[in-house]
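Listed below are the residues making up each chain.
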Amino acid sequence: MNHQYYNVLGVMSGTSLDGVDIAHVQLVREKQWTFTICNAVCIPYSALWKRRLSEAVHSSSLEIENLNKEYTLYLGQLVKKYLDQNPIEDLIAVCSHGHTIFHKPEQGYTLQIGNLPEIASIIGHRVVCDFRVQDILLGGQGAPLVPIGDQILFNDYDYCLNLGGFANISHDSRDGRIAYDICPVNTVLNHFSMLLGKEYDEDGAFAKAGKVQTPLLDKLNDIPYYGMNPPKSLGIEWVNQYVFPLLQNYDIKDVLATFVEHVAIQITKVITSKKRIICTGGGAFNTYLMDRIRYHYDGDLVIPESKIVEYKEALIFGLLGVLRLRNQVNCLSSVTGSRHDHSSGQIYLP
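Our subject in this report is the structure included herewith.

So, how was this worked out
- Residues numbered from 1 in each chain as written.
- Predicted model: local features only at pLDDT ≥ 70, side-chain atom pairs only at ≥ 80, totals over all residues.
- Heavy atoms only, no water.
- Axes fitted to C-alpha atoms, helices over the stretch in contact; angles between N-to-C directions.
- Helix = DSSP H or I, 4+ residues; strand = E, 2+ residues; numbered from the N terminus.
- Parallel < 35°, antiparallel > 145°, perpendicular 65-115°, else oblique.
- Left-handed = near helix turned anticlockwise from the far one by under 90°.
- Contact = heavy atoms within 4.5 Å.
- Nonpolar A, V, L, I, M, F, W, Y, C, P; charged D, E, K, R; others polar.
- Pairing = 2+ DSSP bridges.
- Buried < 20%, exposed > 50% of the residue type's maximum accessible area, 1.4 Å probe, protein only.
- Core = buried A, V, L, I, M, F, W, Y, C linked by side-chain atoms within 4.5 Å.

**Brief notes about the packing of helix α10 (residues 252-269) against helix α11 (residues 287-296)**
One can describe the packing of α10 onto α11 by two numbers: an axis separation of 9 Å at closest approach and a directional angle of 45 degrees. It follows from the interaxial angle that α10 and α11 lie oblique. α10 and α11 meet at a crossing whose hand is right-handed. Residue-level contacts link Val-260, Glu-261, Val-263, Ala-264, Ile-265, Ile-267 and Thr-268 of α10 to Tyr-288, Leu-289, Arg-292, Ile-293 and His-296 of α11. Considering only residue class, the contact of α10 with α11 consists of eight nonpolar, two polar and two charged.

Printed below as a string of structure tokens:
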């Protein structure tokens, strides 16, 4: 592809299970890439889909296979409905991440459902998807994938910090772009907020009302992952194994207060000096969490306009799809640890 102007849909479902993000993005390649988020929505999951996706990690192979088929149909229908309601001229592709069920790079395995070839026929448009598998086959972590988008679209910042299901960060170094998952965020905070009857802890009100439990905080900060050097990445299986067992038998608000402090400490540990940081993801709206990060860090922490905060990952998956169609690098070995940079993703035609 030699186009310089691209109309795409970026589609993203994160581990925090907020819903499916769909962003209509215009990307222009001139001296450098620029973008416009024309329209974007988050379609919340029903209680049933939340339960099925959150429990899938414990399912059998046959159950996962059937879930993949059903979720591909579900996701395809959501995107088709969006396009029926919001027609887009000259749509180049739908670029979809799918939803992560397993992420076990140390075992050479990752699974994002919703990436079956049938999705292109359901939507009626070309689809670029399943971006992680090739990197795993090349010996990489298969994650994070967003950092090349950080490098291309947000190079005015020294660090790009995303606070979603997990906190991840990317920045340039002498050895190329470096990025990795720092710690869980909304995978844990939302879980405990739901025990208090809310989908999420709005403005961090529950956490603010709790008391930091120092012994628990010390145990969290001593988890071995935090002492590992990148490339490294996290999945929900890791949270189930190493984090949730530590959080039992405490007052829920105290757990939230302690975990927010843990997140703030782990984030500020990896930022080595006063730099300009862009912060995106749902956690950027958690004012108490942001206050605790600022307490530990006095550099320039920028929260951009809400469309970018909410839909940056969908935007960047749109870019990853375009780079794949151009057969250009969209996955960096300096980030994932794979044997070499590569252009990753399956291309399906309707």
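**Structural notes on the sheet that holds strand β1 (residues 5-13)**
The six strands lie next to each other as β3-β2-β1-β4-β7-β13, forming an open sheet whose pairing is mixed. Here the strands that pair on one side only, and so sit at the sheet edges, are β3 (33-44) and β13 (346-348). Adjacent strand axes in the sheet meet at a mean angle of 20 degrees when their direction is disregarded. When β1 meets strand β4 (residues 91-96), the two strands line up parallel, connected through five bridges. Residue pairing for β4: Val-11 is matched across the bridge by Ser-96. Lying on the sheet, helix α2 (residues 61-85) is in contact with β1, β2 (19-29), β3 and β4; it crosses β2 at an angle near 55 degrees. Seen against the sheet, helix α12 (residues 306-325) touches β1, β2, β3, β4, β7 (127-129) and β13 and runs at an angle of roughly 120 degrees to β3.

**Notes on the pairing of strand β8 (residues 159-163)**
The element β8 is largely enclosed, with a buried count of five among its five residues. Burial along β8 is two-sided: Tyr-159, Leu-161 and Leu-163 and Cys-160 and Asn-162, pointing in opposite directions, are all buried. Alignment of β8 against strand β11 (residues 276-280), held across four bridges, turns out to be parallel. Each residue of the ladder has a partner; that of Cys-160, found in β11, is Ile-278. Sheet analysis places β8 next to strand β9 (residues 166-173), joined by four bridges and oriented antiparallel. In the sheet register, Leu-163 faces β9, and the bridge partner there is Ala-167. Here β8 folds back onto β9, and the loop between the two strands holds two residues.

**Observations regarding the nonpolar core**
Residues Leu-163, Val-243, Leu-247 and Ile-267 are the most contacted members of the largest nonpolar core, which totals 45 residues. If we skip the residues at most four places from it in the chain, Val-243 touches Pro-184, Val-188, Leu-220, Ile-223, Trp-238 and Phe-259. If you look at the next biggest cluster of nonpolar residues, it comprises 39 residues, including Met-12, Ala-23, Ile-316 and Leu-332.

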